[in-house]
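What follows is each chain in one-letter form.
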Amino acid sequence: MPTCRRKRVVLTQPSESLLKSLKTNLDRDVFYLQQTGEIFETYEYVMVPLCPKKLQLSVIRAYAARMSFYRLKQFQCEVTGKSGLDYFQALASERSEAETLHSRFSEPLKPAILKAVQFQVVGRLDHLVESVYERFKDRYFKGERVLIDLSGIKYYGQVHTVYPPKYSTDVAARDANKPDAEGVEQGAPRPIDDEEPHQIHDDLKTPVKEVNARDDPFLYYYWVLLTDLERDKSDKSKASKPTDGSEMVGSLMEVQCGRMSRDRLSFSKSILRRFIRDCVDRDAAVASPWTVKPAIAQKYGVISSMTEDTRINVEAIKKGEHDKRKKVWEDKDGPPNKKHKKMTPAQEEKAKAAAHKRDREAQEKLDQQRLAREEAERIAAEKKKKKPIRYPTEDLDVRLVDKDLKAGMKLKRPVPTSYALPFNHHPGSFESFLMSWNFLVVYGQPLHLSPFTLDEFEHAIKHADADMPCSLLAEVHSTLIYNLRTVPFARHSAVLSLLQRKDQLRAEGLEDEEYFGVNTDQLSAAMSDTGNNWERVPLRHSEGREGWEEALIGCLKDHATRANFPPMREILTKLLFAPDPNEVPEPHAPSPSSSREPSPESTPTPQRLSVTSTPRERYINLPVHDRIAILSFMVNLAISSKAIHQHMESCEEQLTALRKEKIEVNRTKKQYLEEMNTLMGETKEGLVDEDVKMDDPSDMSDVPASENGSDSGKSKKGASKSKDLRQKAQLQAHSKQREAARAKQASVKQAVAEHRRLDEEVNKLERRLEAIEREFRKLLGGVRVKPMGKDRFYNRIWWFDGLGSGNLVGSGGATQYGAGRIFIQGPSEFDLELMMRRTDDEVSVQVRRLEEEGQEGMLGPSDWAVYSDIEELEEFIAWLNPKGHRELALKQAVSKWWIHISAGIRRRMQDLSVHAKLPEARRSTRTKVAPDITREAYMMWTNRRAINAT
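Per an unreviewed UniProt entry, the chain is named Chromatin remodeling complex protein, and its organism is Lentinula guzmanii.

Enquirer: Sorry if this is basic, but what is going on with the overall build of the chain here?
Expert: Within the chain, the secondary structure is distributed over 31 helices and 20 strands. Looking at the chain as a whole, 37% of its 950 residues qualify as buried. For the chain, the proportion of contacts with a sequence separation of at least 24, taken over those separated by at least 6, is 74%. Carbon together with sulfur atoms contributes 52% to the accessible area of the chain, which is approximately 57200 Å² in total.

Enquirer: What is the right way to read the pairing of strand S8 (residues 145-150) from this model?
Expert: The side chains of a regular strand alternate between the sheet's two faces. Examined bridge by bridge, S8 and strand S9 (residues 153-163) share 6 bridges and lie antiparallel to one another. Residue pairing for S9: aspartate 149 is matched across the bridge by lysine 154. Here S8 folds back onto S9, and the loop between the two strands holds 2 residues, one of which, serine 151, carries a positive phi near 55°. Bridging between S8 and strand S12 (residues 260-261) involves 2 bridges; their strand directions are antiparallel. Across the sheet, residue isoleucine 148 finds its bridge partner in S12, namely methionine 260.

Enquirer: What should I look at first to understand the UniProt feature "coiled-coil region" (unreviewed entry) in the chain in this one?
Expert: Using the residue numbers shown here, the UniProt feature "coiled-coil region" (unreviewed entry) corresponds to residues 648-675. The span residues 648-675 is 100% helical and 0% strand by assignment, and the distance between its end C-alpha atoms comes to 41 Å.

Enquirer: Can you walk me through empty space enclosed by the protein in this structure?
Expert: With a probe scaled to a water molecule rolled over the atoms, the places where space remains empty come into view. Summed over all chains, the structure comprises 1 cavity of 30 Å³ or more. For the largest cavity, the calculated volume is near 30 Å³. Along the walls of the largest cavity sit Asp395, Val398, Arg792, Asn881, Gly884 and Glu887, which together make up its complete lining. Here the lining of the largest cavity is built from residues that sort into 1 nonpolar, 2 polar and 3 charged.

Enquirer: So what exactly am I meant to see when it comes to the sheet that holds strand S10 (residues 221-229) here?
Expert: Adjacent strands of a sheet form backbone hydrogen bonds with each other and so pair up, either parallel or antiparallel. The 5 strands are arranged S11-S10-S9-S8-S12 in an open sheet whose pairing can be described as antiparallel. The open sheet is flanked by strand S11 (252-255) and S12, the only strands paired with a single partner. Pairing of S10 with S11, which is carried by 4 bridges, proceeds in the antiparallel orientation. Bridge pairing links valine 224 to methionine 253 in S11.

Enquirer: Please clarify how the environment of isoleucine 639 should be interpreted in this entry.
Expert: With respect to the helices and strands, isoleucine 639 occurs in the loop between helix H22 (624-638) and helix H23 (642-690). Taking the C-alpha atoms as reference, isoleucine 639 lies 9.5 Å from valine 487; in sequence the two are 152 residues apart.

Enquirer: Where do I start with a nonpolar patch on the surface in this structure?
Expert: On the surface, Leu19, Leu22 and Leu26 cluster together into a nonpolar patch covering about 290 Å² of accessible area. Residue placement: leucine 26 occurs in the loop between helix H1 (16-24) and strand S3 (31-33).

Enquirer: So what exactly am I meant to see when it comes to the sheet that holds strand S18 (residues 796-798) here?
Expert: Within the open sheet, the 4 strands sit side by side as S17-S18-S19-S20. Their pairing is antiparallel. The strands lining the two open edges of the sheet, one partner per strand, are strand S17 (789-790) and strand S20 (864-867).

Enquirer: I'm lost on helix H2 (residues 63-71) in this one. Help?
Expert: Spacing of three or four residues puts side chains on the same side of an α-helix, whose turn is 3.6 residues. Of the positions making up H2, those classed as buried are Tyr63, Ala64, Arg66, Met67 and Tyr70. Considered in projection along H2, the buried side chains sweep an arc of 165° and stay on one side of the axis.

Enquirer: What should I look at first to understand unusual backbone geometry in this one?
Expert: The omega angle of the peptide bond from tyrosine 391 to proline 392 is 0°, so this bond is cis rather than trans. In this structure, proline 392 sits in the loop between helix H11 (345-383) and helix H12 (402-406). With a phi angle near 55°, serine 151 is a residue other than glycine that sits in the positive phi range. For serine 151, the location among the structural elements is in the loop between S8 and S9.

Enquirer: I keep staring at the pattern of salt bridges and nothing clicks. Help me out?
Expert: All chains considered together, the criterion is met by 49 salt bridges. Notably, a salt bridge pairs arginine 214 with glutamate 210, separated by 3.7 Å at the nearest N-O pair. Placement of the pair is arginine 214 and glutamate 210 together in helix H7 (residues 208-214), with a separation of 4 residues, close to one helical turn. A salt bridge links arginine 838 to aspartate 397; its shortest N-O distance comes to 2.5 Å. Of this pair, arginine 838 sits in the loop between helix H25 (829-836) and helix H26 (845-852) while aspartate 397 sits in the loop between H11 and H12, and the two are 441 residues apart along the sequence.

Enquirer: Any chance you could explain the side chain of arginine 262 here in plain terms?
Expert: Looking at the secondary structure, you find arginine 262 in the loop between S12 and helix H8 (269-279). Among the polar contacts made by the side chain of arginine 262, one reaches the main-chain carbonyl oxygen of arginine 139 at a distance of 2.2 Å. Beyond its immediate chain neighbours, meaning those up to four positions away, arginine 262 contacts Leu109, Phe136, Lys137, Arg139, Tyr140, Glu144 and Phe267.

Enquirer: I keep staring at the pairing of S10 and nothing clicks. Help me out?
Expert: The pairing of S9 with S10 spans 8 bridges and is antiparallel. Bridging across to S10, tyrosine 155 finds its partner in leucine 229.

Enquirer: Got a minute to help me understand the packing of aromatic side chains in this structure?
Expert: Each pair of aromatic rings is reported with the distance of its centres and the angle of its planes. Under the definition given, this model contains 34 aromatic pairs. Ring centres of phenylalanine 565 and phenylalanine 633 lie 4.6 Å apart, and the angle between their planes is 15°; on these two criteria the pair is classed as stacked. With phenylalanine 565 in the loop between helix H19 (548-559) and helix H20 (568-576) and phenylalanine 633 in helix H22, this pair connects stretches of sequence that are 68 residues apart. For the residue pair phenylalanine 565 and phenylalanine 633, the accessibility class agrees, reading buried in each case. The ring of phenylalanine 267 carries arginine 262 above its face, with NZ or CZ at 4.6 Å from the centroid. Against the face of tryptophan 897 rests arginine 777, its NZ or CZ located 5.6 Å from the ring centre.

Parameters and conventions
- Residues numbered from 1 in each chain as written.
- Predicted model: local features only at pLDDT ≥ 70, side-chain atom pairs only at ≥ 80, totals over all residues.
- Heavy atoms only, no water.
- Helix = DSSP H or I, 4+ residues; strand = E, 2+ residues; numbered from the N terminus.
- Buried < 20%, exposed > 50% of the residue type's maximum accessible area, 1.4 Å probe, protein only.
- Contact = heavy atoms within 4.5 Å.
- Areas by Shrake-Rupley, 256 points an atom, 1.4 Å probe, with all protein chains shown as cover.
- Pairing = 2+ DSSP bridges.
- UniProt positions renumbered as here; feature names shortened; annotations may be inferred.
- 1 Å grid on protein atoms, 1.4 Å probe; cavity = no way out; pocket = protein on both sides within 12 Å on 5 of 7 lines; lining within 4 Å.
- Points joined across faces, edges and corners; volume = space filled by probe spheres on them.
- Nonpolar A, V, L, I, M, F, W, Y, C, P; charged D, E, K, R; others polar.
- Patch = residues over 30% accessible without salt bridge, like charges linked within 9 Å, V, L, I, M, F, W, Y side chains within 5 Å.
- Salt bridge = Lys/Arg side-chain N within 4 Å of Asp/Glu carboxyl O.
- Arc of directions from axis to C-beta.
- Polar contact = N/O pair within 3.5 Å; in protein donor to acceptor, adjacent residues only side chain to side chain.
- Phe/Tyr/Trp six-rings, centres within 6.5 Å; stacked < 30°, edge-to-face > 60°.
- Lys NZ or Arg CZ within 6 Å of the ring centre and 35° of its normal.

Okay, structure coming up:
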């Protein structure tokens, strides 16, 4: 409804006289305003007597006056806020915006929201919108158009099926309702269609945590049909170029709300506010409930009549509000009576005495309450008397106050993602994987190994194509084998360890253990024939490191035992034995919805391995967590090698030299800056002196010519001589001033040139300091790797770029990265115990972690998470509070390297968009196209240091 001066325009109702006359005269002429439906008796104002005895007149509203009022440019569109409109323009604007709003707003979401707001008693519309948004932002309905994020690529999709939480652990039940499932006819009704999801139509004042505890949105599963790729509307060139990930369009996949979102043009707080304001209304009475407009309620099946329970609740709220207002009114001695009965003097005197007594008693009561309150505050202040806090202080002692929240500080930390970490599904695999990569990159120089990114290492670990050998895998294992040749070992330590275990079992009266159908004797026999001369086998780079798999078996056979490498027997069995091709393997139970190609990560190992094989044939089938375990074991041994120790000592010496150079550079820079300040002062003085105006030599004579022609010749001669002497003196003075000014100007020019030269030298020194910092970081990584810092809950923040042989800046200033992410590791056991010992806090640490980190953001001692996006990382930095010791140091460290951190993240995102793969997601498409992996970054990697060494 358009507004005028912030008030809604109320339409004119027909007068009572007109309604009475229509009962007797149906043919009476009236004036009808078609745009609003109003009816008027006359065209202009008419004054009619209301009561002849009292001479009261009534004004009958006329058509022309109302039309003139509507034509005034003083109305405002209530939806868009546009002002300076007439009534009809404002009405048309509201209708147009309402049509646009209803066309954009998600149609399946409308009934759920309208049912939720029906009969809700909430004071402000903003609070109602906030409650509805928090309740429905992670809940999706059948037929809704959504956005799906798959490894950074966003797709438009439509929700096909919604599975409530009871299906969260039953994969078979979800797959049975697929459109292309066996036994399900196209278009036939399914049991899942009769189940209404998201049964949360209760009071919006119920906390979101309590509602989610009963009906957790993160336990819902959705089958979504991918319809199109999200395209950047501002970039018209993308419409003609093929986009990576387009082959996913048209597939049906299963996702959860963590990967789903809605378009901001169809669902946001502002859009939701406009939708609710357009669909609901309420009375002006106190504590009136919001009600859906009858026409809209009928369209979307919303109940328009209150149930008995709802009516009782609404009445109770109304009564409570009325009681509050009544109490406030009574505290102000009540409203004055309109009519006072005249009292006698005795009654007046008595009333005054009673009033005086009441006032005295009320004052005494207030004084007693005030004294008791002051005494309680004094006692509490003495108990909690503490010294004023001096910042920075202990992080857990810092709590955000309203002032900090108003200043823009965030209470809750942005949630880092754990599912984006590679191999995180297997306990401990990601940490071992990250440690192995960091060792190989940091000590790339003594290992003669070129640096490679974490993503390239991940894809190399997952490599499962036997026809295309991966050079990165071969180089990594070969360089570790060469390095472990210098580490002391015991011949056949693995075989001896297995035989000792067999003897131990025999002594205990137990039979020998079998792994995948292979006993100790069979495994020992197979090991004795493989990798015997591993320490002398030449693994040449020019020959593709041929034979590294057999050398790996020999290395493990001489270095590993059951004590230092627990999965030794299982891994060696998988590398030396293969399943019988004539034997029917036991049936597995893979997910029926999976359409991925088999890989070491997804293909289970057969139960029986009865045929002797070679490591070269079997390594390609080794699961990824076993590959990571092998690399982790070899890396732990390589740390004690002589080459690594020599490299560490060399790094220490170079660090000492860099520290000395940094001190010298800073000293020189300070000296140059002092000289520049001195020259700047001289330059300013010279510029001031140049502004002094010198006398003009043409104005040297101020003696007027004689007007009397009869003056004596002697007087003329004396005056002329005096004038010549004065002019000569002034010319000499002016010449000296010009020479001094030229000398001063030359001095200023020289000072400016010297200042410019010193400024260039300072810039060179600053660039050298930056290079020293980068080199210092590289060398320090070769000695010890430490986190950037810790947050208030002792979560450790890691950034691995630019360590050891890795560079932050390449040739020509190009950005380089290793991981291109910021990793977060949970607090250590010691730090966790330290936090739990805090008992003086008003709020426990566990409650604070739930409040500030969220349930999904709390990390344990062995948990890892990652920030891969610039926006998320910026939010995390803004969340850090510099009033605490740990977060102040962390924020300073991040700010110091922010240029390189942000550049590395952006460069990684660009590389991922170029080399994007199909995401590993469950799809219903049955077509399988083998991707070309030869152009993948990890397949194109070359060990340049090995080439240079040979």
